[in-house]
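Observations on chain architecture
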Amino acid sequence: YGVLGKAFKNPEFHFDGRSKRPPLDPVNAVLSFLYTLFTNEFAAGLETVGLDSYIGFYHKLRSGRNSLACDLVEEARCIVERFTITLFNLKILQQKDFRQEMGGAVYLNDEGRKKVITHWQEKKRSDIVHPYLKQKLQLGLLPYVQSNLLAKYVRGEIGEYPCYLNA
């Protein structure tokens, strides 16, 4: 996160570092919201292929946390980060899209969440070329593809798990 702030060109917003539980600025609010959406999409993908999303390799078992989904999000977090930068640099999100709580927490308001979800759904329809499969697919299918590849590895159908590396 040390260099992420340098990518923000909109002078209304800046990123000085990661804060969560609660997010303390608009950028962290968007990152937290999108990581949550992406984690839930990976959890659904894992469930689809019969893997328990709560038992991870890197993230510790914690009640209510989809640890394995969090593990898979790690390899694709750059997608969320790039998308967040785009939302701010193109001025899609503005100060009016956030609310600040008494304790300093900052969250997206209803209008802000609607903007983020609308643009996220649009982003998920964009095409990527999967680096392992060498096939074009919609970004929204990535959680299911990676979950399927992990299931194939766990079941011994492939020799190693091909993590998603976005070039």
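Coordinates for the structure precede this section.
Residues numbered from 1 in each chain as written. Predicted model: local features only at pLDDT ≥ 70, side-chain atom pairs only at ≥ 80, totals over all residues. Heavy atoms only, no water.

1. Observations concerning the packing of helix H1 (residues 26–48) against helix H5 (residues 142–154)
Between H1 and H5, the shortest axis-to-axis distance is 8 Å and the interhelical angle comes to 45°. When the axes of H1 and H5 are compared, the pair comes out oblique. Of the two possible hands of crossing, H1 and H5 adopt the one that is right-handed. For the pair H1 and H5, the contacting residues are Phe-38, Glu-41, Phe-42, Ala-44, Gly-45, Leu-46 and Thr-48 in the first and Leu-142, Pro-143, Tyr-144, Gln-146, Ser-147 and Leu-150 in the second. In the contact of H1 with H5, the residues fall into eight nonpolar, four polar and one charged. (Axes fitted to C-alpha atoms, helices over the stretch in contact; angles between N-to-C directions. Helix = DSSP H or I, 4+ residues; strand = E, 2+ residues; numbered from the N terminus. Parallel < 35°, antiparallel > 145°, perpendicular 65-115°, else oblique. Left-handed = near helix turned anticlockwise from the far one by under 90°. Contact = heavy atoms within 4.5 Å. Nonpolar A, V, L, I, M, F, W, Y, C, P; charged D, E, K, R; others polar.)

2. A word on H1
An ideal rise of 1.5 Å per residue puts 33 Å on 23 residues; H1 measures up with 33 Å between its terminal C-alpha atoms. Judged by how many residues are buried, H1 sits mostly within the fold: 17 of 23 residues are covered. Capping the start of H1, Asp-25 holds a side-chain oxygen 3.1 Å from the backbone nitrogen of Val-27, two or three residues further along. Downstream of H1 by a residue or two, Gly-50 has a phi angle that is positive, lying close to 90°. (Expected span 1.5 Å × (residues − 1). Buried < 20%, exposed > 50% of the residue type's maximum accessible area, 1.4 Å probe, protein only. Polar contact = N/O pair within 3.5 Å; in protein donor to acceptor, adjacent residues only side chain to side chain.)

3. Overview of unusual backbone geometry
Along the chain, Arg-21 connects to Pro-22 via a cis peptide bond; the corresponding omega equals 10°. Among the secondary structure elements, Pro-22 is positioned in the segment before H1. The phi dihedral of Lys-91 falls on the positive side, at around 60°, and the residue is not glycine. In this structure, Lys-91 sits in the loop between helix H3 (77–89) and strand E1 (98–100). Taking relative accessible area as the criterion, Lys-91 reaches 46% and is therefore assigned partly exposed. Phi at Lys-134 is positive, roughly 60°, even though this residue is not glycine.

4. With respect to the pattern of salt bridges
This structure, assessed with the given rule, holds seven salt bridges. Residue Glu-81 pairs with Arg-77 through a salt bridge whose shortest N-O separation is 3.7 Å. In this pair, Glu-81 and Arg-77 are both assigned in helix H3, four residues apart and thus about one turn of the helix distant. For Glu-101, the salt bridge identified is with Arg-99, shortest N-O distance 2.9 Å. Judged by relative accessible area, Glu-101 falls into the partly exposed class, the value being 33%. Each of Glu-74, Arg-77 and Glu-81 takes part in salt bridges that share partners, so that together they form one network. (Salt bridge = Lys/Arg side-chain N within 4 Å of Asp/Glu carboxyl O.)

5. Some thoughts on the side chain of Gln-146
Note on placement: Gln-146 falls in helix H5. Assessed through its relative accessible area of 0%, Gln-146 is described here as buried. Side chain to side chain, Gln-146 and Glu-75 meet in a polar contact 2.9 Å long.

6. Side note on the packing of H1 against helix H4 (residues 110–124)
Packing of H1 against H4 brings their axes to within 11 Å, and their N-to-C directions diverge by 45°. As summarised for this structure, H1 and H4 are arranged oblique, according to the angle between their axes. For the pair H1 and H4, the sense of crossing is right-handed. Taking contact as the criterion, the partners of Phe-33, Leu-34, Leu-37, Phe-38 and Glu-41 in H1 are, on H4, Arg-113, Val-116, Ile-117, Trp-120 and Lys-124. Looking at the contact of H1 with H4 residue by residue, the classes come out as seven nonpolar, no polar and three charged.

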